[in-house]
Amino acid sequence: KSQLNDYLGAHGLTARTKNTITDQDRLRRELEKIREVGYATDLEEFALGLCCMAVPVQTGRAFHAIGLSAPVERFREHFGGYLDQIKAAIARST
């Protein structure tokens with residue numbers, strides 16, 4: 001939390017689109033949700049028409065992520081399949 005507070009104090013939250021999270025409390029709630037579900041999504045927050053997901057991977061003491069970006073329509077249509085494929089790739093690699 002201290003690192004997050006330091007970052008937000010130094011940089012703030014700048015809107016890239018109308019969907020960008022710019023409220024610090026909302027960001028904290030979103031981070032808690034990400035911890036609970038085990039993956040993160042970007043639903044046109046960085047660029048309109050583009051959605052992304054990322055799933056964390058831990059190898060030893062190192063942390064990584066496998067991510068995917070797709071046009072919004074395709075992302076919504078195939079979300080569950082994309083998530084399953086990423087999780088399967090992680091399971092095979094660890």
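Heads up: the structure comes first, above all this text.
The rules behind the values
- Residues numbered from 1 in each chain as written.
- Predicted model: local features only at pLDDT ≥ 70, side-chain atom pairs only at ≥ 80, totals over all residues.
- Heavy atoms only, no water.
- Salt bridge = Lys/Arg side-chain N within 4 Å of Asp/Glu carboxyl O.
- Helix = DSSP H or I, 4+ residues; strand = E, 2+ residues; numbered from the N terminus.
- Buried < 20%, exposed > 50% of the residue type's maximum accessible area, 1.4 Å probe, protein only.
- Bend = angle between axes of the 7 residues up to and from the residue.
- Contact = heavy atoms within 4.5 Å.
- Pairing = 2+ DSSP bridges.
- Axes fitted to C-alpha atoms, helices over the stretch in contact; angles between N-to-C directions.

Chemist: Could you clarify how one ought to interpret the pattern of salt bridges in this entry?
Modeler: Where charged atoms from two side chains of opposite charge approach closely, those side chains can pair. This structure, assessed with the given rule, holds 2 salt bridges. Here Glu32 makes a salt bridge to Arg35, at a shortest N to O gap of 3.5 Å. Here Arg35 and Glu32 lie together in helix α2 (residues 24-37), a separation of 3 residues that amounts to about one turn. What makes Glu32 partly exposed here is its relative accessible area of 39%. Classification of Arg35 as exposed rests on a relative accessible area of 59%. For Glu44, the salt bridge goes to Arg76, with nearest N and O atoms at 3.9 Å. Of the two residues, Glu44 is situated in the loop between β1 (40-43) and β2 (50-59) and Arg76 in helix α3 (residues 72-93); the sequence distance between them amounts to 32 residues. The exposure class of Arg76 is exposed, given its relative accessible area of 57%.

Chemist: Help me out: how do you make sense of α3 in this one?
Modeler: Because the α-helix completes a turn every 3.6 residues, residues three or four places apart line up on one side. Helix geometry: α3 is bent most strongly at His78, by close to 75°. Every buried residue of α3 is accounted for by Val72, Phe75, Tyr82, Leu83, Ile86 and Ile90. Packing partners of the buried residues in α3 comprise β1, β2 and β3 (62-71).

Chemist: Just to check I follow, could you spell out the side chain of Glu44 for this structure?
Modeler: Judged by its relative accessible area of 16%, Glu44 is buried. Leave out the neighbours within four places in its chain, and Glu44 touches Thr17, Asn19, Gly49, Leu50, Cys51, Val72 and Arg76.

Chemist: Is there a simple way to think about the sheet that holds β2 in this case?
Modeler: In a beta sheet, neighbouring strands pair by backbone hydrogen bonds and run either parallel or antiparallel. With antiparallel pairing, the 3 strands of this open sheet are ordered in space as β1-β2-β3. The open sheet has two edge strands, β1 and β3, and neither has a second partner. Between one strand axis and the next, the sheet turns through 15° on average, direction left out of account. Summarising the sheet, β2 and β3 pair through 10 bridges and their orientation is antiparallel. Within the sheet, the bridge partner assigned to Ala54 lies in β3 and is Gly67. Docked against the sheet, α3 engages β1, β2 and β3, running at close to 10° with respect to β2.

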